[in-house]
Each structure stands twice: as structure tokens, then as C-alpha cells.
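Coordinate inspection notes
Chain by chain, the residues run as shown.
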Amino acid sequence: MKEKILVTGGNGFLGSHLVKELKQQGYNVRILARRKGSEDVPDGTEVIWGDIRDKAIVEKAAKDVDRVIHTVSNFRHGGSDKDEAHAINVEGTRNVICACRNNSVKQLVHCSTIGVHGSVKEIPAIEETDYNPGDLYQQTKLEAELEVREFSRESDVHVTVIRPISLIGPGDKRMLKLFSMIKKNKFIKIGPCDAYFQPAYIEDVVDGFILCLGNEKAYGEVFIIGGDEYVRLEDLFTIIADQLGVKAPSIRIPLQPVLLMASVCEAVCVPFGLEPPLHRRRVSFFQNNRAFSVDKVKKQLGYKPKVSLKESIKRTIDWYEAEGWL
Ligand SMILES: NC(=O)c1ccc[n+]([C@@H]2O[C@H](COP(=O)([O-])OP(=O)(O)OC[C@H]3O[C@@H](n4cnc5c(N)ncnc54)[C@H](OP(=O)(O)O)[C@@H]3O)[C@@H](O)[C@H]2O)c1
């Protein structure tokens, strides 16, 4: 019988694609998810409803599973406060580590992020490139990754750390606003737009995660996973416009005043527990240089991204259109 895999955050964007593919490949799948609509959970999936900050729930979720893929993070909530980000990303990961140890799990595949490298200076960045987290999310993801790597050195549980590049594909609404504004010819470029962007098509990333399961060559390793093409933002906007069949955006405003406005929004909203309409992490999209090499995972595990940058944008547009959002 195939092994049982626990996917934390199994009804998130990455988590739900992982669950689908794992089930397709015959794995038994359990997810740990915060209670949402039951429509988020594929048929035949065992669900433990609960919060990653609840140690007892995480212990329960890891009982009798062979391997754990840990994807939970407070990724979507750019303006969340420091304590919440730390509790979910760092203490939540600590709960997963403890549960893996206590339940003699064979392998923990921890989902980190290329964000631990922040905006990279020399491109393409590799797994050994210096850490340079630029915001609360990236700082807490780094703290969690370091704890997982420490755990790897001192425990019998095999550990693999994956740093996905910027995910794109059906199921993600993060890029919708960008696509929709470009389509309506309302998109305004902020700053010079000369930073690099590298999309990682969701199915390729899922393949990368699954390649690591039970793979001795992945034990104790860190891999950057994603597509292998990067482009300057200016070119990305043109590619999106081409795929949408509209004119490339041409209006541009300077970066500094927008950054100032984002700081003000955060200062006003965050103390009241409100999600700021504009926050610095959103603006950082225009500033951060994201260009990475996926050579290590290709050479070591035979990973091969199948979906080109243009095709990943096209498929995402197709999905937005099918959902009636574009
Ligand atoms: N998307 C990207 O471009 C990207 C790039 C690099 C790395 N990553 C990493 O990939 C992973 C998945 O990201 P994603 O894009 O799939 O984000 P996502 O859709 O927001 O998925 C995260 C999941 O974690 C769950 N979660 C959050 N807080 C929780 C808590 N306290 N207890 C239990 N569950 C909780 C969320 O549930 P709710 O829906 O209830 O909040 C959601 O199901 C994250 O670790 C992220 O850091 C993402």
C-alpha cells in the first residue's frame, strides 16, 4: 500500500494542487486545514480541522503518517501583525517539527520560499546565496527554515527544504489584479520595472515536491524549485498584454511616493487588525529582483519544469477567463 502523507495547509493554493496530484499517484492523503467550506477538500481526503498553532491538533494530524509536507503560512496576509506571523510561520513550524519527532515520521518536506534571499543582487541566485529577508513574512519564513534545518542535523527524521519561486497557475488569485488591470488598460507601472521576475508554474512545483518524497538524494537538502526562465518586469507586462491581446501598459509613476503611501496605510490599518489596502510587500513586487537557478534540483533529482513562462501565463489567463474573472 502507498504511504500516507500529511499536507498541512492542504486546502491552500499549493496544498490543494499537491493533494490532487498525490491522490492521483495513489498516496493516502490527510490534510490539516483551518475550517473553511467543505468544497475545498477533495473527495476521499482525510481532514483534521484545526490551527497550526494548536500543538495537540498538529500532533493528532501527524499520527500514523509516513511523511509530512508542511505548506502552512500566513502568506496571503501582507499586513498581519508581527505576533501572528511569528506564531503561524515559526511556532507553527515548531509544532510540526515536534509532531514529526514524536510520531517517528520518516520525512518532513518543509515549504520555505525564495523570499529568504529577499531581493537578490547577483543573478541567478542559488541555494547558497546569502539570506536577505526583506519583510516580516520573509523574516519569519527564514526563522522557520533555520529551525527545520537545525532539526535535520539532530534528528532521525529526514528533512528536505524546498524554496519555491513565485507560484502561478489555476487556483491562485494573487496575479488576477495585475492581469485584470493590464486587460482594462488601467495598469500603472511603478518605478523603472527593471527587476527580474520568475514564475513557477504550480504543476511543475508540485512535481518537484513529489520528487523529494522517499528520495534519499533529497534528504538533508535544500532545493530552489520553479520554472527556469526569468524576465524583467517590463517584459513580463508586455508578455501578459500579448497573451491577453491588448496593448502593453505605458503609464509609469515613481516608486518613492507609493512606498510612502503604503507605509501610511500599514501604520493606520495594522494596529486595528485591518488588512491595509496597500502595503509595502505589495509594492515590493516592483522592486524585488527574483531570478534563480534550478540547476541543483535538476541535476540531483532529475527535476524538469515542463511549462514555459509564456505558457504558464497563458494557462493562468485561461483559468481566470473560465472562472469569469477576466
Ligand atoms: N504563492 C507563492 O508565490 C509562494 C512562493 C514561495 C513560497 N510559497 C510558500 O508556499 C506555501 C503555500 O503558499 P500558498 O501560495 O499556497 O498560500 P495559501 O494559498 O495562502 O496557502 C496557505 C495555507 O495555509 C493555511 N493556514 C494559514 N494559517 C494557518 C493556521 N494558523 N493554521 C492552519 N492553516 C493555516 C491557509 O488556510 P486559510 O486559507 O484558512 O488561511 C492556507 O490553506 C507557503 O508556505 C508559502 O510560504 C508560496
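What comes next concerns the included structure. (Residues numbered from 1 in each chain as written. Predicted model: local features only at pLDDT ≥ 70, side-chain atom pairs only at ≥ 80, totals over all residues. Heavy atoms only, no water.)

1. Regarding helix α8 (residues 255-269)
Note that an α-helix has 3.6 residues per turn; residues three or four places apart therefore point the same way. Short version of the rule: Comment: elements are numbered from the N terminus, with helices defined as DSSP H or I runs of at least four residues and strands as E runs of at least two. Given the number of residues in a helix, its expected span is that number minus one, multiplied by 1.5 Å. Note on contacts: a residue pair is in contact if any heavy atoms of the two residues lie within 4.5 Å.
Between its first and last C-alpha atoms α8 spans 21 Å; for 15 residues at 1.5 Å apiece the expected length is 21 Å, and the two agree. Those residues of α8 hidden inside the fold are in contact with β8 (189-190), β13 (252-253) and α9 (280-283).

2. Description of the pairing of strand β5 (residues 107-111)
The condition is simple: Relative accessible area decides the class of each residue, using a 1.4 Å probe on protein chains only: under 20% of the type maximum gives buried, over 50% gives exposed, and in between gives partly exposed. One bridge is not enough; two strands pair if DSSP finds at least two bridges between them.
Of all five residues in β5, five are buried, a share of seventy percent or more. Covered by surrounding structure in β5 are Gln107, Val109 and Cys111 together with Leu108 and His110, the residues of both alternating faces. By the bridge criterion, four bridges tie strand β4 (residues 67-70) to β5 in an arrangement that is parallel. Residue pairing in the sheet places Arg67 in a bridge with Gln107 of β5. Direction of pairing for β5 relative to strand β6 (residues 158-164): parallel, over a ladder of five bridges. Of the residues in β6, the one forming a bridge with Gln107 is His158.

3. Concerning the packing of helix α5 (residues 176-183) against helix α7 (residues 233-244)
Defined as follows: Note on definitions: angles span 0 to 180 degrees between N-to-C directions of axes, and those axes are lines fitted to C-alpha atoms, for helices only across the stretch in contact. Note on terminology: angles under 35 degrees are roughly parallel, angles over 145 are roughly antiparallel, angles of 65 to 115 are roughly perpendicular, and the others are oblique. Here is the rule for handedness: rotate from the far helix to the near one, and if that takes an anticlockwise turn smaller than a right angle the crossing is left-handed, while a clockwise turn gives right-handed. Gly is put with the polar residues, along with every residue not named as nonpolar or charged; the nonpolar set is Ala, Val, Leu, Ile, Met, Phe, Trp, Tyr, Cys and Pro, and the charged set is Asp, Glu, Lys and Arg.
Here α5 crosses α7 at 65 degrees, and the two axes come no closer than 10 Å. The orientation of α5 with respect to α7, classified from their angle, is roughly perpendicular. Seen from above, α5 lies across α7 with right-handed handedness. Counting all contacts with α5, which are made through Leu178, Phe179, Ile182 and Lys183, the residues of α7 involved are Phe237, Ile240, Ala241 and Leu244. Broken down by class, the residue content of the contact of α5 with α7 amounts to seven nonpolar, no polar and one charged.

4. Overview of the sheet that holds strand β1 (residues 4-8)
Spatial ordering of the open sheet is given by β3-β2-β1-β4-β5-β6-β11, a layout of seven strands whose pairing is parallel. Both edges of this open sheet fall to β3 (46-49) and β11 (221-225), since each of them pairs with a single strand only. Strand-to-strand, the axes of this sheet are offset by a mean angle of 20 degrees, without reference to chain direction. Contacting β1, β2 (28-33) and β3, helix α2 (residues 55-62) runs over the sheet at an angle of about 175 degrees to β2. This element, helix α4 (residues 136-154), spans β5, β6 and β11 of the sheet and lies at about 155 degrees to β6.

5. Overview of the pattern of salt bridges
Formally: When a carboxyl oxygen of Asp or Glu lies within 4 Å of a side-chain nitrogen of Lys or Arg, that pair is called a salt bridge.
Enumeration according to the criterion identifies 21 salt bridges in this entry. In this structure, the salt-bridge partner of Glu147 is Arg94, at a minimum N-O distance of 2.7 Å. Here the residue Glu147 occupies a position in helix α4, and Arg94 occupies one in helix α3 (residues 82-102), the gap between them amounting to 53 residues. Notably, a salt bridge pairs Lys314 with Asp318, separated by 2.9 Å at the nearest N-O pair. Note that Lys314 and Asp318 are positioned in helix α11 (residues 309-322) at a spacing of four residues, about one turn of the helix.

6. Some remarks on the state of the cysteines
Worth spelling out the cut-off: Here, two cysteine sulfur atoms that lie within 2.5 Å of each other are counted as a disulfide.
With the rule as written, the count across this model stands at zero disulfides. The cysteine Cys98 is free of any disulfide, with Cys100 supplying the nearest cysteine sulfur at 9.3 Å. Assessed through its relative accessible area of 19%, Cys98 is described here as buried. With no disulfide of its own, Cys111 has Cys212 as its nearest cysteine by sulfur position, at a separation of 11 Å. Note on Cys111: relative accessible area 7%, which makes it buried.

7. Concerning the nonpolar core
Put simply, the rule is: Residues enter a nonpolar core if they are buried and are Ala, Val, Leu, Ile, Met, Phe, Trp, Tyr or Cys, with the set joined through side-chain atoms within 4.5 Å.
Counting residues in hydrophobic clusters, the biggest one holds 38 residues, and the most contacted among them are Val7, Leu14, Leu18, Leu22, Ile69 and Phe209. Sorting the residues of this core by element identifies β1, α1 (13-24), β2, β5, α6 (202-212), β11 and α10 (295-301) as the ones contributing at least two each. For this core, the leading source of residues is α6, giving six residues. In contact with Phe209, other than residues within four places in its own chain, are Leu14, Leu18, Ile69, Val109, Cys111, Ile162, Pro164 and Ile225. Core analysis: the next-biggest nonpolar cluster, separate from the first, contains 34 residues, Phe179, Leu233, Ile239 and Phe286 among them.

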